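Structural features, examined
If you want the building blocks of each chain, they are given just below.
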Amino acid sequence: MDYPNPHGAILTIDAAALAGNWRIMAELAKPAECAAVVKADGYGLGTETVVQTLARVGCRTFFVAHIGEAQAARKAAPMSHIYVLNGMPPGSESTYANYRLRPVLGTIGEIGRWRKAGGGPCALHVDTGMNRLGLTIDEAKALAQSDVWKTLGIELIMSHFVAAEEPKNPLNEAQITRFDRVSGWYASGIKRRSLANSSAHFLPNVPHHDLTRAGYALYGGNPMPGRPNPMKPVIRLEAPIIQLRTVETGDHVGYNAQWMAQRPSVVATLSVGYADGWLRSMSSTNSKSGGAAMVNGVRCPIAGRVSMDLITLDVTDCPSETLKAGVMATLIGDGISVDDVAEMAGTNGYEILTSLGGRYQRRVL
């Protein structure tokens, strides 16, 4: 018989919390429709799990980044609308047709290819300040003055906020003004508009237009940095202690001897590392604190560098009778949120979620 848990750690996904978060966003979006952004393998949680969960509770529209992600989403939700944010590469027209996908057109070249292919349901992306994807304002105006756009099958015009998580950022109002002006040029034929992302649901006096695009908040991330998180936690990450070691004052732990025990210490090793998405920036030295995990209710800092497959925790403050191989350490959960981990790693929660490794045992509640 094979070993029942051949993985180094367990990632638990709470599908009920995911569904509950979508319901929160959908209620805030009313009377607009709330779509779900499920790119990057459902923000690391798994496209099939996320799409099927949200489709069951009423989500009808999904956004992905690439065609391959769209194909996976289509398999999980046969009847949903699926938009592909990163445009339409040359030669992909038949794939869009075969899988009933909707390209988000953001260049004049894409518009020409989609028209040549016969058109069909799609979205028009206009850049209002991100300077990344989408037509420029001038391109959008020129297109609106032609009859070409009426032959494409555009069902949605959209743009993307630069800083919706910053309520006082003047860019928000400027982008709303630009978007409303541009979408007005197409009002005779395009009835649906979309600008709001997760954070924009919580901004005062921000229009939700006809379709909002909830992303990070669905997965438990805080859409309002610096304020209480209104979303439910969706994931829990745990790893068993695989070895305990006593080190004396002055002993070093980990690569390049960057952490030295300041007292007789107990060190616990977990089989999680940067190959599993536990970023190397969470390493701890004697001059820099890094990541931490909870062991039997005690917050235990990482000791030394995060390596490819292992991290070490300083568990000295845990009661000795609670420590043994097999005891679970919680890396996300028990008071450590995805956003907390991101802060410890010097990044954002998006990177933490989308870096979750493929070596975890995944359980869906």
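Everything in this summary refers to the structure shown in the same document. Keep in mind the model is a prediction, meaning the values are calculated, not measured. Residue numbers restart at each chain and count upward from 1, following the sequence in its written direction. Where totals are concerned, whole chains, interfaces and linings use all residues; where local detail is concerned, this predicted model gives features only for residues with pLDDT of at least 70, and gives and counts side-chain atom pairs only at 80 or more. No hydrogens and no water enter the side-chain calculation; it runs on all heavy atoms of the structure.

**What to know about the nonpolar core**
By convention a nonpolar core is built from buried Ala, Val, Leu, Ile, Met, Phe, Trp, Tyr and Cys residues, the set being connected through side-chain atoms within 4.5 Å. For each residue, the accessible area found with a 1.4 Å probe, counting protein chains only, is set against the maximum for its type, and the residue is called buried under 20%, exposed over 50%, and partly exposed in between. Ranked by size, the top nonpolar core spans 111 residues in total, and within it Y186, I235, W278, V295 and L313 carry the most contacts. For this core, the element with the most residues is helix α1 (residues 15-29), which contributes 6 residues. Two residues form a contact once any of their heavy atoms are found within 4.5 Å. Once you skip the residues sitting within four places of it in the chain, V295 turns out to touch I241, C300, L313, V315, C318, L323, V327, M328 and A329. Counting 6 residues, the second-largest nonpolar core is a separate cluster that includes V253, W259, A261 and V267. Numbered from the N terminus, helices here are DSSP runs of H or I no shorter than four residues, and strands are runs of E no shorter than two.

**Points about the environment of V64**
Turning to its location among the elements, V64 is positioned in strand β3 (residues 61-64). Here the alpha-carbon distance between V64 and G106, two residues 42 residues apart in the chain, equals 15 Å. Contacts of V64, omitting those with residues within four sequence positions, involve V38, K39, E69, A70, A73, I82, Y83, V84 and L85.

**What to know about the packing of helix α7 (residues 137-144) against helix α8 (residues 170-185)**
Geometry is summarised by axes, namely lines fitted to C-alpha atoms with helices restricted to the contacting stretch, and by angles between N-to-C directions that run from 0 to 180 degrees. The contact between α7 and α8 brings their axes to 9 Å, and the two run at 20°. As judged from the angle between their axes, α7 and α8 are roughly parallel. Helix-helix and strand crossings are classified by hand; for α7 and α8 the assignment is left-handed. Counted together, I137, A140, K141 and A144 of α7 and R181, V182 and W185 of α8 form the full contact between these two elements. By the convention adopted, Pro, Cys, Tyr, Trp, Phe, Met, Ile, Leu, Val and Ala count as nonpolar, Lys, Arg, Asp and Glu as charged, and the other residues, Gly among them, as polar. Its residues placed into classes, the contact of α7 with α8 shows 5 nonpolar, no polar and 2 charged. Roughly parallel means an angle under 35 degrees; roughly antiparallel, over 145; roughly perpendicular, 65 to 115; everything else is oblique. Should the near helix be turned anticlockwise from the far one by less than a right angle, the crossing is left-handed, and should it be turned clockwise, the crossing is right-handed.

**What about helix α3 (residues 47-56)?**
Considered for burial, the residues of α3 that qualify are T47, V50, V51, T53 and L54. Each buried residue of α3 sits inside an arc of 165° when the element is viewed along its axis, so together they form one side. Exposed and facing more than 90 degrees away from the buried side of α3 are E48 and R56. Two residues or fewer after α3 comes G58, characterised by a positive phi angle close to 115°. The arc in question is formed by the directions pointing from the helix axis toward the C-beta atoms.

**Overview of the side chain of H201**
As for its placement among the helices and strands, H201 is situated in the loop between β8 (193-194) and β9 (211-214). A relative accessible area of 5% places H201 in the buried class. In protein, a polar contact means a hydrogen-donor-capable atom and an acceptor-capable atom, both N or O and within 3.5 Å, with residues adjacent in sequence counting only if both atoms are side-chain atoms; elsewhere, any N or O pair within 3.5 Å suffices. A polar atom in the side chain of H201 sits 2.9 Å from the side chain of T212. Every residue in contact with H201, bar those within four places of it in the chain, is listed here: M25, L28, A29, C34, H208, T212, R213 and A214.

**Quick notes on the sheet that holds β8**
Pairing is parallel in the open sheet, where 8 strands are placed in the order β8-β7-β6-β5-β4-β3-β2-β9. Two strands bound the open sheet, and with one partner strand each, they are β8 and β9. Each pair of strands is called paired provided DSSP finds at least two bridges between the two strands. Summarising the sheet, β3 and strand β4 (residues 81-84) pair through 4 bridges and their orientation is parallel. Following the sheet pairing, F62 is matched in β4 by I82.

In short, the description is geometric, and any link to function would need to be established separately.
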